[in-house]
Amino acid sequence: MTPTGHKNNKSYLITGGTGSIGSEIARSLIASGAKNLTIFSRDDSKHFYLQEEFGKHKNIRYIIGDVRDRNSLAVAFEDRVDIVIHAAALKHVLICEQNPAEAVKTNIIGTQNVVDLAKRAEAQTMITISTDKAVNPSSTMGASKYIAEKLTLDGNSTGKTIFSCVRFGNLLGSRGSVIPNMLKGIRERGVLWISNKTVTRFAMPIPDAARLVLNATEACQGGEIFVLKMKTFSLGQLIEVMRDMKFSDKEFKIETRGVIDAEKIHEELISIEEANRLWETDTHFVIAPREAWEPRSKMRKASVVGYSSEDAEMFTNQRLREHIEECAASLGIE
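Only a predicted model underlies this, so the values are computations on that prediction, with no experimental measurement involved.

(A) Region of interest: the overall build of the chain. Along its length, the chain carries eleven helices and 17 strands. Against the globule reference of 20 Å for 334 residues, the chain gives a C-alpha radius of gyration of 20 Å, in line with a compact fold. In terms of overall dimensions, the chain has C-alpha extents of about 60 × 45 × 40 Å along its principal axes. For the chain, the residues scored as buried account for 52% of the 334 residues in total.

(B) Quick peek at the packing of helix α7 (residues 178–189) against helix α9 (residues 235–243). Contact pair α7 / α9: the axes reach a minimum separation of 12 Å and the direction vectors enclose 45 degrees. Classified by the angle between their axes, α7 and α9 sit oblique to one another. Where α7 crosses over α9, the handedness of that crossing is right-handed. In this structure, α7 contributes Val 178, Ile 179, Met 182, Leu 183 and Ile 186 to the contact, and α9 contributes Leu 235, Leu 238 and Met 242.

(C) Spatial organisation of the confidence of the model for the chain. Per-residue pLDDT for the chain averages 90, and the proportion of residues at 70 or more is 95%. Here residues 1–5 scores under 50 on pLDDT; set against residues more than four positions off or in separate chains, the count is twelve contacts.

(D) Just the sheet that holds strand β1 (residues 11–15), in detail. As summarised here, the arrangement of the ten strands in space is β3-β2-β1-β4-β5-β6-β10-β15-β14-β16, forming an open sheet in which the pairing is mixed. Here the strands that pair on one side only, and so sit at the sheet edges, are β3 (60–64) and β16 (300–301). Sheet topology places strand β6 (residues 162–168) next to strand β10 (residues 225–228); three bridges connect them, and they run parallel. From the neighbouring strand, Val 166 faces β10, where its bridge partner is Phe 226. Relative to β3, helix α2 (residues 44–54) is tilted by about 170 degrees, and along the sheet it contacts β2 (36–41) and β3.

(E) A look at unusual backbone geometry. Look at Glu 122: it is not a glycine, yet its phi comes out positive at around 55 degrees. By the element assignment, Glu 122 lies in the loop between α5 (100–120) and β5 (125–131). Within the chain, Asn 136 stands out as a residue other than glycine whose phi angle is a positive 45 degrees. With respect to the element layout, Asn 136 can be found in the loop between β5 and α6 (140–154). Overall, the relative accessible area of 44% leaves Asn 136 in the partly exposed class.

(F) The arrangement of the packing of helix α1 (residues 20–32) against α2 in detail. Contact geometry of α1 with α2 gives a least axis separation of 12 Å together with a crossing angle of 20 degrees. The angle between the axes of α1 and α2 places the two elements in the roughly parallel class. Here the hand of the crossing between α1 and α2 comes out right-handed. For the pair formed by α1 and α2, the contact residues are Ser 23, Ala 26, Arg 27 and Ile 30 on the first element and Leu 50, Glu 53 and Phe 54 on the second. Of the residues contributing to the contact of α1 with α2, the split by class is four nonpolar, one polar and two charged.

(G) The sheet that holds strand β9 (residues 200–205), seen in detail. Reading across the sheet, the three strands line up as β7-β9-β11 and stay open at both edges, with mixed pairing between neighbours. Across the chains shown, the open sheet's two edge strands, defined by having one partner strand only, are β7 (170–172) and β11 (231–234). Put simply, the sheet's adjacent strands are angled 50 degrees from each other on average, direction ignored. As defined by bridge partners, β9 adjoins β11 across four bridges and the pair is classed as antiparallel.

Cut-off values and rules
Residues numbered from 1 in each chain as written. Predicted model: local features only at pLDDT ≥ 70, side-chain atom pairs only at ≥ 80, totals over all residues. Heavy atoms only, no water. Helix = DSSP H or I, 4+ residues; strand = E, 2+ residues; numbered from the N terminus. Rg over C-alpha atoms; globule rule 2.2 N^0.38 Å. Buried < 20%, exposed > 50% of the residue type's maximum accessible area, 1.4 Å probe, protein only. Axes fitted to C-alpha atoms, helices over the stretch in contact; angles between N-to-C directions. Parallel < 35°, antiparallel > 145°, perpendicular 65-115°, else oblique. Left-handed = near helix turned anticlockwise from the far one by under 90°. Contact = heavy atoms within 4.5 Å. pLDDT = per-residue confidence, 0-100. Pairing = 2+ DSSP bridges. Nonpolar A, V, L, I, M, F, W, Y, C, P; charged D, E, K, R; others polar.

Put into structure tokens, the structure is as follows:
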């Protein structure tokens, strides 16, 4: 997806705005001259550090609140909001399995709250950030994000606001993701915990993910799901690359713990049913809504029968090494 200029007369709201993807989107918006930016998040420490980073900018509002709490969320809509980027979510599969009611409150009820308030405020556009785990879901997290997608797209049935989704795989280097966790395990314990070497996952750098979201706000017509063309890696490949890199004074051990019941060995980004409504450019797919929809220029009908991490193009070992080095530098690991 070709980067676009984001109009400096627009006001943006990012829920989950202090998280890995939310804060990167905020940086991009600040750099491109957004008129106003509201960062909404429940984490006061992350708010503090982000304010330290963005301190010189006077057009940013920082609001502590939870998308589950409609009253606190309503505060974020008190000033004019043109574009809503909904990044707040419970995203860890295991945590959601252990706390399914909490996953429902945040990922489902929270999303409906954002949709309702975006409509009431007559926002121009709302983009919900989703996950590959929402495709043929096997986990509580995936099922809750599947419903979050449905709630978002259903927002187009009434009102003037345009609602669309962006669907990701793993974000390389995000907090709690596989590479940072592996690096910490090697450094702190000399042990690398994995589920299964054959597990494959889609992945993308955080800046690419932010770019896709912001371009989707410009390109969406309502009802689409945007999917970046992503490469994959296997846990076995990660181990192979890490063995040639020095992160501790001694050789690390591998402890295989097995895949939890809710996890898949391979993930999907596009279902078989969605493949019938699929368009593409050189960089991304667009899953069109079922109703009448006209593709924009430079799009072509895609002939993909599904999109699984099992058979998608894999990262080269060199590219994975570069991503690992970037993660290590961000964690202060030499």
